[in-house]
Amino acid sequence: PSLNSSGTFVEHVAGNPNESLSTSNPTISIDRSGLCNPPEHSHEPTSDSELVKHLKSIIKFRGGPISVAEYMEEVLTNPKAGFYINRDVFGAEGDFVTSPEVSQMFGEMVGVWAMCLWEQMGRPSKVNLVELGPGRGTLMVDLLRGASKFKNFTESLHIHLVECSPTLKELQHRNLKCLDADDTSSSGEKKTVSQIAGTPVAWHAAFEQVPSGVPTIIIAHEFYDALPIHQFQRASRGWCEKMVDIEEDSAFRFVLSPAPTPATVFLAKRCKWAVKEEVDKLNQIEICPQAMELTESISKRISSDGGGALIIDYGLNGIVSDSLQAIRKHKFVPILDEPGTADLSAYVDFEAIRHSAGEASDNVSVYGPITQSQFLGSLGINFRVETLIQNCETDEQAELLQAGYWRLVGEGEAPFWEGPEDKVPIGMGTRYLAMVIVNKNQGIPIPFQ
Ligand SMILES: C[S@@+](CC[C@H](N)C(=O)[O-])C[C@H]1O[C@@H](n2cnc3c(N)ncnc32)[C@H](O)[C@@H]1O
């Protein structure tokens, strides 16, 4: 690759379209050690946010563009200024709404799923219940409240929340009605107990830090879609990675890599799992190496310790082409616009999850994906909504429940919506998919029997 005067890649090399897949160099590595908080060298007047300055510093010091994955990771989880780090982004006042925030029934149904799995696991007396990216903690609150009558189940639970945001961690602590005990555990950590069902709760920065050796149930709702993706585009010289660079006027822009990048290894791996015709008709491909690696860790844990994982997210059961989106205050905005002020997310490639699980262990089975509507329907959400509506004291409460039910399992725009037209809710029933990974010895999990 060559650099132009502004230090950005410009070379366009003609070549065999498939070349970059077969000639990738898996040994390329990037030394980021000097990039933690590089000093700002430019003297241009700027009202850039801390995060924008940070991203520009990385690009300048690197002497070239960064991958979309690195951009996404910084934008979402930069420890100082990432989108998730310092604020509550959920609900009507926030940027987007997730299923647990739509209705209590979502967490309750996931609780039914977890309890049935626990039965199949042989009712172990100690279980790690792990939630990846718990947001406000609403799903776990509803799960525990719904399951609190089933003492054998709740008494077995040790909750482990994997969360990168200190702000959301505090919110989870509050919503789960956690109390910090005065005494500390043998590891020196403070013991925290949720008063909802008397269950111990611990927080971790990554799934790998959750203690192993105990049967484990894992829930990942809208977590995979926040993992950084790499984008590739078909060019005359083959598959090129889409990168983020700075223009002369200092705005961010997309460029294409002139040569194979380290992520090309994962592109080649993903394409091997697909049929040739599927790849041939695509001009863009997104891959998520972190999703592949996380699935491998989850599968190995389930294989060795027993248990299962439930992954619910929006996505496809096949290669994802071009899905990265930015959402601010419930509206789509350009991906490079004011980074750190909008959520970035991408469709989850469920087929890649299935293959990653299969490659990680022979001792796990993967079921689905099925639609969220099928998943919640099979677990009895119809009966649950009827019972709740019967117990409502006001018509308003009943309407809210019905609207929440429709939003979770419905498809398209709400049929009974009477609010402003630009705010008409879209059902999540078929756009969201559910997949389950379980230890083979436990048989077929619900709702796949
Ligand atoms: C889209 S939100 C989903 C929240 C919640 N599951 C829900 O459905 O309401 C993503 C969650 O994952 C957390 N998160 C995102 N990336 C993470 C990472 N790399 N490590 C740990 N937590 C992460 C966010 O802080 C947030 O809690």
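Placed above this text is the structure.
These lines cover the structure that appears in this document, whether it is placed above or below. Just so we're clear, the structure is a prediction, and the values are computed from it rather than from any experiment.

Calculation criteria
Residues numbered from 1 in each chain as written. Predicted model: local features only at pLDDT ≥ 70, side-chain atom pairs only at ≥ 80, totals over all residues. Helix = DSSP H or I, 4+ residues; strand = E, 2+ residues; numbered from the N terminus. Buried ≥ 20, exposed ≤ 12 C-beta atoms within 10 Å, placed from the backbone. Contact = placed C-beta atoms within 7 Å. Pairing = 2+ DSSP bridges. Core = buried A, V, L, I, M, F, W, Y, C linked by C-beta atoms within 7 Å.

**Things to note about the overall build of the chain**
At step 1: Scanning the chain for helices and strands turns up 15 helices and 18 strands.
At step 2: Residue burial in the chain is summarised as follows: out of 449 residues, 43% are buried.
At step 3: Across the chain, contacts joining residues at least 24 apart in sequence account for 73% of those joining residues at least 6 apart.

**Let's talk about helix 6 (residues 138-147)**
At step 1: Most of helix 6 is tucked away, with nine of its ten residues classed as buried.
At step 2: Inspection of helix 6 places T138, L139, M140, V141, D142, L143, L144, G146 and A147 among the buried residues, and these make up the whole buried set.

**Brief notes about the pairing of strand 3 (residues 157-162)**
At step 1: Within strand 3, five of the six residues are buried, which leaves it mostly tucked inside the rest of the structure.
At step 2: Where strand 2 (residues 127-132) meets strand 3, six bridges bridge the pair, whose relative direction is parallel. Across the sheet, residue V130 finds its bridge partner in strand 3, namely H160.
At step 3: Note that strand 3 and strand 6 (residues 199-204) share four bridges and pair parallel.

**As for the nonpolar core**
At step 1: One finds M109, V110, A114, A291, A309, L310 and I437 to be the most contacted residues of the largest nonpolar core, which totals 112 residues.
At step 2: With ten residues, helix 5 (residues 104-120) is the largest single contributor of residues to this core.
At step 3: Residues in contact with A309, not counting those within four places in the same chain, are I218, A220, I298, I302, V436 and I437.

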